[in-house]
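A closer look at the structure
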Amino acid sequence: MGSQLDGPLEGRVKRHNESRLSFAPLNLGRHLAWGGYAALLLLAPLVFAKGGALTLLSQMGTVMIFGLSYNMLLGQGGMLSFGHAVYSGLGAFFAIHAMNAAAASGGVWSGLPVSLVPLVGGVAGMGFGVVFGYVTTRKAGTTFAMITLGLVELVFASSLMFPGFFGGEGGVTTNRVMGAAPFGITFGPQIQVYYLIAAWLFVCTVAMYAFTHTPLGRLINAVRDNPERVEFIGYDTRWVRYLTLILSAFFAGVSGGLAAINFEIVSAENVSALRSGSVLLFTFIGGIGFFFGPLLGAVVGVLFAVLLSDFTPAWQLYLGLFFVLLVRYAPAGLASLLMQLLRLALHGKLGRVGPSLGMMGLAVLPGLLGLIGAVEMLYHLTLDSADGSVKRLFGLNADTATALPWCVAGAMVLLGVLAWRRCQPSFQSAWQTANAEIALKTGSAGR
């Protein structure tokens, strides 16, 4: 009997000793991804350096941190929150008060550098996460969502009741140029503010990604997927959700502190349900199933809310239509589309799908232009009729009081729909065939 067991036992000991002496290979792909991410943050102002591009990039950075912190709850923990703006907004208020106290000289905040103000917001957000999270995380699912909705309404109402701290309807203002200027950095120029936001964004992204590989990060994934099994192995699911919310509130507070530096004003809108709904929308657009999804969602959301709003008052309608179409045809968000195209490219199948995909884009273009024309004419007719009935569209003058522009817009929409229905079968066939070949190839390789 002993001789039968010695062989397998010796083999296991040998493999164990070899594993202790072996070294994991360099993960070149991961290093390239993080290096490319850092290079993108460093070089972005050199590419987008005109007009308000720096302000736009700075706002994207703060929203990225906010979205990543929210995805710690929703994407990783399955916790649908309607009140995440509470932690970001309160962190912003504490950060801006710390800046004003530091500028006044003397006191506990004397000598506080602007570069550490986001840390004040993060600690404040974590503190409120400890208080509010103890109540909200006692329940899960729909009950948790409803409690967070009530919480954000409560804090928003309090912001109007206590103007001494919240500044009333006008909010609290500050001046970010304060104190000493080490190395000549005053944070007056927008480029300096951008690089401060970029530095915090990179650090927070690394920290939140590292969280996904911690035992707590793995547990919150398990709680999201099957909380009953987590309880069976001896863990308290409420404490797992509670600790995750505290960490998420910290990063949300950091984003609030950076927003206070960037805009130099914080108002009641920062703790409103509208702000919470915006980060929920942006995170869904990017894709909650992917870590980098909120980064994409923040870029798209800021482009809609800031850039597109400068051109049309109907930007919210376009954002809503974009969100509906995305949920309909790509429910996993933009990140899923990007990863599927990358998968096709890595297996050499993008050339098969590319032509039909391009035809689909050309097919829907007339319909898209017609829809935009109809929406813009309708908005002009209802909101700007005092300025006359003529609306400038795509370099042409369209008289909204006549039938011709409406007929042209309707015909273009109809043409786009018909062309899309005609091109869809070929695209769907090419897409399914390419993915089936990839699945067959990878399955055969696996066997």
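Scope of this entry: the structure provided in the associated data block. This is a predicted model, so every value here is computed, not measured.

Some points on a nonpolar patch on the surface
On the surface, Leu-42, Leu-43, Leu-46, Val-47, Phe-48, Ile-191 and Tyr-195 cluster together into a nonpolar patch covering about 690 Å² of accessible area. Mapped by element, the contributors of at least two residues to the nonpolar patch are helix H2 (28–47) and helix H8 (190–211). Examining the composition of the nonpolar patch, we find that four residues originate from one element, H2, more than from any other. Along the chain, the position of Phe-48 falls in the loop between H2 and helix H3 (53–77).

Section: the packing of helix H14 (residues 315–329) against helix H16 (residues 350–383)
Close contact between H14 and H16 brings their axes to 11 Å; oriented N to C, the two are set at 145 degrees. In this structure, the crossing between H14 and H16 has a hand that is right-handed. When H14 is examined against H16, the residues Leu-317, Tyr-318 and Leu-321 are found in contact with a partner set consisting of Leu-371, Ile-372, Val-375, Glu-376 and Tyr-379. Of the residues that constitute the contact of H14 with H16, the class distribution is seven nonpolar, no polar and one charged.

Digging into the packing of helix H12 (residues 273–286) against H14
Two numbers describe how H12 lies on H14: the axes approach to 10 Å, and their chain directions differ by 45 degrees. By the angle between their axes, H12 is oblique relative to H14. Handedness of the H12/H14 crossing: left-handed. Here H12 contributes Leu-281, Phe-282, Phe-284 and Ile-285 to the contact with H14, which in turn contributes Leu-319, Phe-322, Phe-323 and Leu-326.

The rules behind these values
Residues numbered from 1 in each chain as written. Predicted model: local features only at pLDDT ≥ 70, side-chain atom pairs only at ≥ 80, totals over all residues. Heavy atoms only, no water. Patch = residues over 30% accessible without salt bridge, like charges linked within 9 Å, V, L, I, M, F, W, Y side chains within 5 Å. Areas by Shrake-Rupley, 256 points an atom, 1.4 Å probe, with all protein chains shown as cover. Salt bridge = Lys/Arg side-chain N within 4 Å of Asp/Glu carboxyl O. Helix = DSSP H or I, 4+ residues; strand = E, 2+ residues; numbered from the N terminus. Axes fitted to C-alpha atoms, helices over the stretch in contact; angles between N-to-C directions. Left-handed = near helix turned anticlockwise from the far one by under 90°. Contact = heavy atoms within 4.5 Å. Nonpolar A, V, L, I, M, F, W, Y, C, P; charged D, E, K, R; others polar. Parallel < 35°, antiparallel > 145°, perpendicular 65-115°, else oblique.

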